[in-house]
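# Fold and contact review
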Amino acid sequence: MSEISDKLLRGTTKPAPAPALLMLEDGTCFSGTSCGATGETFGEICFNTSLEGYLEVLTDPSYAGQIVTMTYPQIGNYGVNPEDAQSARPALRGLVVRDLCATPSNWRSAKGLPRFLAENGIVAIEGVDTRALVRHVREAGAMRAGLSTVTHDPQALLQKVRESESIVGVNLAATVSCDKARSVGEGDLPQSHAFAVTSASDGARYKVVAYDCGVKDSILHNLVRCGCDVTAVPWDTPADDVLALNPDGVFLSNGPGDPEAVAGTYSQVEKLLGRVPVFGICLGHQMMGKAAGAQIEKLKYGHRGGNHPVANLRTGRVEITAQNHGFGILFPSLGPLVPELSGGFKGHEDDLRFWSRAGIAPVVDNPRFGRVQLTHVNLNDGTAEGMAFLDIPAFSVQYHPEASPGPTDAHYLFTAFRRLMDGRDDFLDIDIAQDRLAGWKFGEVA
């Protein structure tokens, strides 16, 4: 900072700048100023393209082990409302922004974001050219990084980064799951959301057990709003214990990190599939894939943000979705194609956008659970985004359906889960355009 810029800053609400460094594993270094807690942290660098919802991002347990870069240039301008938080405390390792607003202006704000970061011990840096950082990560791929307000020697920080632990092979879900079973009902819905969101359905029609692998509170709240009595259980709860609760359905939540390391969940999912209706999202989708024998790939830089286009192969609709994951399943690894159910095609395609162009939802013959249909495809990179088991009551998507933060296009998936528990074969055949505003007071659907 120059002497003139320091003088100008002293006349604003910005605190006196303290230097901070962001160092990537490949030696790329970005300098800036501290805007959160002081200290040093290490994790995998990633970026989120959402224009709003930074508090939901900060408190999403799926970011455990990661340093998050927000691509939108100013973060914090509407402050912090604790009832928007997705968990009791942030799980991410650090935050990178271009500019952090120190003085928010919003009627729902309880405190400023810098104060929230400091109170929760989150090391953060501002003044970084986030456009250059994101372009670099897109080209070089996800990698380890270090963020420090105490080590100012780039070479010393680089050495620490290269000695830090990778998230590959680490069970991060175990670090953010609940310790014991807990009930979630209408009394847990945030009161400050009542101005925009309708109340829960009259009476809980469905008893649902939710595996908490790092679930966001808003996902559980949406299950409650659509008529479910929810019991959230730890990530490694035995299948027999779940079945003993006599649920109408089982929900597999989002969560952080490498799905290969979460054997305590997918080994139980394998025992549940076919015995009870199952709906999985994000990590839950990957758990179902693992249970069916799918291979997992680590994506180059992952999908994170509220603007990812996904083709619904069953309806032909395109959904704009909220996503947060760095791994994905390889659909061809689930089994050989069934030509008569796949438009006559006999060979797999690596880029699954082929099926969107062909207007076909292909089906494979899975040796464990029978026919599995590819239902959703990412239109940015052609990866698998959803599947439905045709011979047992189960389906999953790679993205988040509850719009916290993000769009409401995928709200219909909660309706689909209800229909699955009702035993309907057409559970996914829903008019997304009609369902997407259900539950919102400013656009209720009759």
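Look up a bit, the structure's there.
Residues numbered from 1 in each chain as written. Predicted model: local features only at pLDDT ≥ 70, side-chain atom pairs only at ≥ 80, totals over all residues. Heavy atoms only, no water.

## Remarks on the sheet that holds strand β4 (residues 66-70)
Put simply, the test is: DSSP calls a pair of strands paired once it identifies at least 2 bridges connecting them. Counting from the N terminus, the helices are the DSSP runs of H or I reaching at least four residues and the strands are the DSSP runs of E reaching at least two. Between N-to-C directions, angles span 0 to 180 degrees; the directions come from axes that are lines fitted to C-alpha atoms, helices contributing only their stretch in contact.
With respect to topology, 7 strands assemble into a closed barrel ordered β1-β2-β8-β6-β4-β3-β9, the strand pairing being mixed. Between one strand axis and the next, the sheet turns through 35° on average, direction left out of account. Where strand β3 (residues 40-48) meets β4, 5 bridges bridge the pair, whose relative direction is parallel. Its bridge partner being in β4, Glu-44 is matched across the sheet by Gln-66.

## Describing the packing of aromatic side chains
Put simply, the rule reads: Whether two aromatic rings pair depends on their centres lying within 6.5 Å, for rings of Phe, Tyr and Trp, where Trp uses its six-membered ring; planes under 30 degrees apart make the pair stacked, over 60 edge-to-face, and the rest tilted. To sort residues, take the accessible area from a 1.4 Å probe on protein chains only and compare it with the maximum for the residue type: under 20% means buried, over 50% means exposed, and anything in between is partly exposed. Placement of a positive charge over a ring is assigned whenever Lys NZ or Arg CZ falls within 6 Å of the ring centre and within 35 degrees of the normal to the ring plane.
Applying the stated rule across the entire model yields 10 aromatic pairs. Seen in terms of ring centroids, Phe-354 and Trp-355 are 4.9 Å apart; in terms of plane orientation they differ by 85°. Their pairing is edge-to-face. For Phe-354, a relative accessible area of 19% gives the class buried. An aromatic cluster is built from Phe-251, Phe-279, Phe-395, Phe-417 and Phe-427, whose rings are joined through pairwise contacts. For the cation-ring pair, Lys-298 lies above Phe-327, with the distance from its terminal atom to the ring centre recorded as 5.4 Å. Of note, Arg-314 hangs over the ring of Phe-427, and the distance from its end group to the ring centre comes to 6.0 Å.

## Structural notes on the pattern of salt bridges
Just so we agree on the cut-off: By convention in these notes, a salt bridge is any Lys or Arg side-chain nitrogen within 4 Å of a carboxyl oxygen on Asp or Glu.
Enumeration according to the criterion identifies 17 salt bridges in this entry. Between Asp-431 and Arg-317 there is a salt bridge, with its nearest N and O atoms 3.4 Å apart. In this pair, Asp-431 is assigned in the loop between α12 (412-421) and α13 (432-435) and Arg-317 in the loop between β15 (295-312) and β16 (318-330), connecting sequence segments 114 residues apart. Notably, a salt bridge pairs Arg-353 with Asp-351, separated by 2.8 Å at the nearest N-O pair. Judged by relative accessible area, Arg-353 falls into the partly exposed class, the value being 24%.

## Overview of the packing of helix α9 (residues 263-272) against helix α10 (residues 283-291)
In a packed pair of helices, the relevant descriptors are the angle between the two axes and the axis-to-axis distance. Rules: In this scheme, a crossing is called left-handed if the near helix is turned counterclockwise away from the far one by less than a right angle; it is called right-handed if the turn is clockwise. The contact criterion used is simple: two residues touch if any of their non-hydrogen atoms lie within 4.5 Å. Nonpolar residues are Ala, Val, Leu, Ile, Met, Phe, Trp, Tyr, Cys and Pro. Charged residues are Asp, Glu, Lys and Arg, and all others, Gly as well, are polar.
Interhelical geometry of α9 versus α10 gives an angle of 65° and a closest axis separation of 8 Å. As α9 packs across α10, the resulting crossing turns out to be right-handed. Two secondary-structure elements touch here, α9 through Thr-265, Tyr-266, Val-269 and Glu-270 and α10 through Met-287, Met-288, Lys-290 and Ala-291. Grouping the constituent residues of the contact of α9 with α10 by class yields 5 nonpolar, 1 polar and 2 charged.

## Thoughts on helix α7 (residues 217-225)
In terms of burial, α7 is a largely internal element, 8 of the 9 residues being buried. Ser-218, Ile-219, Leu-220, His-221, Asn-222, Leu-223, Val-224 and Arg-225 are the residues of α7 that are buried. Where α7 is buried, its residues meet β10 (182-184), β11 (206-212), β12 (228-234), β13 (249-252), β14 (278-281) and α12. Backbone geometry just downstream of α7 places Gly-227 in the positive-phi region, at approximately 100°.

## So, the pairing of strand β2 (residues 29-34)
In terms of strand pairing, strand β1 (residues 19-24) meets β2 through 5 bridges, oriented antiparallel. Looking at the pairing, Leu-22 lines up with Phe-30 of β2. Here β2 pairs with strand β8 (residues 123-126) via 2 bridges, running antiparallel. Within β8, the residue paired with Ser-34 across the bridge is Ile-125.

## Re the side chain of Thr-59
Defined as follows: For this analysis, a polar contact is any N or O atom pair within 3.5 Å, provided that within protein one partner can donate a hydrogen and the other can accept it, and provided that sequence-adjacent residues contribute only side-chain to side-chain pairs.
Within the secondary structure, Thr-59 sits in the loop between α2 (54-58) and β4. Of the residues examined, Thr-59 reaches a relative accessible area of 1% and is grouped as buried. Among the polar contacts made by the side chain of Thr-59, one reaches the main-chain carbonyl oxygen of Leu-55 at a distance of 2.8 Å. Only 2.8 Å separates the side chain of Thr-59 from the backbone nitrogen of Gln-86, close enough to count as a polar contact. Among all residues touching Thr-59, those that are not within four sequence positions of it are Ala-85, Gln-86, Ser-87, Pro-90 and Phe-116.

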